[in-house]
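# Observations on the three-dimensional arrangement
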Amino acid sequence: MPAIDKVIKFLNDNKALKKGGSPWPACVDSDAQQCYRINWNTLFPQRRNRDNVNDLERWPGDDGGIGRLSSDIEGNRGSNNMTEQDLRAMALSQSWDACAWYQPIHYFGYDWGIFIREDCIINQIFNIARFLPLTAAPASSLVPSLIRASVYTYFLHEQYHHKVECLGLRLHVVDRKSCYLPYDVIVYGPSKGTDQLLEEALANADAYQRIWNEPYRYWIGDQVLSATQAYLKASFPYNPPGYRLATNYVDPDHFESGENVLHGQMHEATLTPSQPTNEWEIATRLMQSMFRVTDNIWTIVPSGRRSILPVF
């Protein structure tokens, strides 16, 4: 795991640090909002005492917001018999670009990280609850799992963007030229708003797949996990162009094929790479995180309101 200082120096020395050039917003404290770093180890404690996974009425520092969610969730559950119009409205209410984003190292330096709006976390909790069966446990006992599921869904999607940047960093070291910046300018940027935006489809599909694995499955529990995957699968087709094609990649084999194409897009800075995609199967682990991204996850809360999450 490289030190962030070395990475930033490497990018700066190679004229690949473009601070201020990102199309993504920056999280800035203002009269309208406050940015708080999530205490990840409190939200997802290291000690695995399964009896206590949902036995939390409050996080440390919460002002009772979790308790107030219970009654609202109870009235929302089991209402997943939705029309196409309902599903479209549900998907639009969870705009990926507006609700969460990744601030890349290439553009933000030390201010890199994952940022999630808390109102979107709460809204998504209600969406997931709609897919809980009426026979599931009482909402009051599932609130911590629902909060964790909502946070994890955004986190896993945005962490995939971090892994894409890490792919670009690794290729930069090998090729001795920036790969991430040309890819971002030539491939990602022009593809926004179209179904050619492969990275977003894979980010959605990656969240759908990985949330079933440990440690995510442990902290969410099977009832909420099933509801979360049902919600994601139902909403994907109504996501914006690019994002909506996640349904094409939820199968692991199709996901690997799509990711091989993404490797080529990054390496060659083109939508249609010339290198045979199956060659990327030999170069494994290129998409792994290079840093403890869980140390750099932030929630954005309207000013004057306390976060329902454990924050620093």
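Look a little higher up for the structure.
What comes next concerns the included structure. The shown structure was predicted, so the numbers you read here are calculated from the model rather than taken from an experiment. (Residues numbered from 1 in each chain as written. Predicted model: local features only at pLDDT ≥ 70, side-chain atom pairs only at ≥ 80, totals over all residues. Heavy atoms only, no water.)

### A look at the pattern of salt bridges
To keep things clear, this is the line we draw: Salt bridges are defined as contacts in which a side-chain nitrogen from Lys or Arg sits within 4 Å of a carboxyl oxygen from Asp or Glu. When accessible area is computed with a 1.4 Å probe and restricted to protein chains, residues below 20% of their type maximum are described as buried, those above 50% as exposed, and intermediate ones as partly exposed.
For the structure shown, the criterion picks out seven salt bridges. Put simply, Arg117 and Asp119 hold a salt bridge, and the shortest N to O gap is 2.5 Å. Overall, Arg117 belongs to the partly exposed group, its relative accessible area being 28%. Residue Asp222 pairs with Arg217 through a salt bridge whose shortest N-O separation is 3.1 Å. Put simply, Lys163, Asp206 and Arg210 are held in one network by salt bridges that share partners.

### Regarding the side chain of Ser145
Definition in use: Think of it this way: any DSSP run of H or I at least four residues long counts as a helix, any run of E at least two long counts as a strand, and we number them from the N terminus. Two N or O atoms form a polar contact when they lie within 3.5 Å of each other; inside protein one atom must be a possible hydrogen donor and the other a possible acceptor, and for residues adjacent in sequence the pair counts only when both atoms belong to side chains.
Topologically, Ser145 is positioned in helix H8 (residues 139-175). For Ser145, a relative accessible area of 0% gives the class buried. Here the side chain of Ser145 touches Ile220 through a polar contact of 3.0 Å, landing on its backbone oxygen.

### Let's talk about the environment of Tyr180
Let me state the cut-off plainly: We call two residues in contact when some of their heavy atoms are within 4.5 Å.
Within the secondary structure layout, Tyr180 lies in helix H9 (residues 180-191). Measuring from C-alpha to C-alpha, the distance between Tyr180 and Gln265 comes to 9.9 Å, with 85 residues separating the pair along the chain. For Tyr180, the residues in contact, after removing those within four places along its chain, are Pro104, His106, Tyr107, Val164, Glu165, Gly168 and Met266.

### Observations concerning the packing of aromatic side chains
The geometry of an aromatic ring pair is captured by the separation of the ring centres together with the interplanar angle, meaning the angle of the planes. The following threshold applies: Note on ring pairs: Phe, Tyr and Trp rings are taken, using the six-membered ring of Trp, and paired if centres are within 6.5 Å. Classes follow the plane angle, with under 30 degrees stacked, over 60 edge-to-face and the rest tilted.
Going through the model one piece at a time under the given rule, you end up with 13 aromatic pairs. Taking the centre distance of 5.7 Å and the plane angle of 45 degrees together, the rings of Trp112 and Phe291 count as tilted. In this pair, Trp112 sits in the loop between helix H6 (105-108) and strand E3 (113-117) while Phe291 sits in the loop between helix H13 (252-268) and strand E4 (297-302), placing the two residues 179 residues apart along the sequence. In terms of burial, Trp112 and Phe291 fall into one category: buried. Centroid distance Phe131 to Tyr231: 6.3 Å. Interplanar angle 55 degrees. Geometry classified as tilted. Of the two residues, Phe131 is situated in the loop between helix H7 (118-129) and H8 and Tyr231 in helix H12 (residues 222-235); the sequence distance between them amounts to 100 residues. Tyr231 matches Phe131 in its accessibility class, with the two residues each being buried. Put simply, the rings of Trp40, Phe44, Tyr152, Phe155 and Tyr216 pair up and form one aromatic cluster.

In short, shape yes, function no, at least from these values alone.
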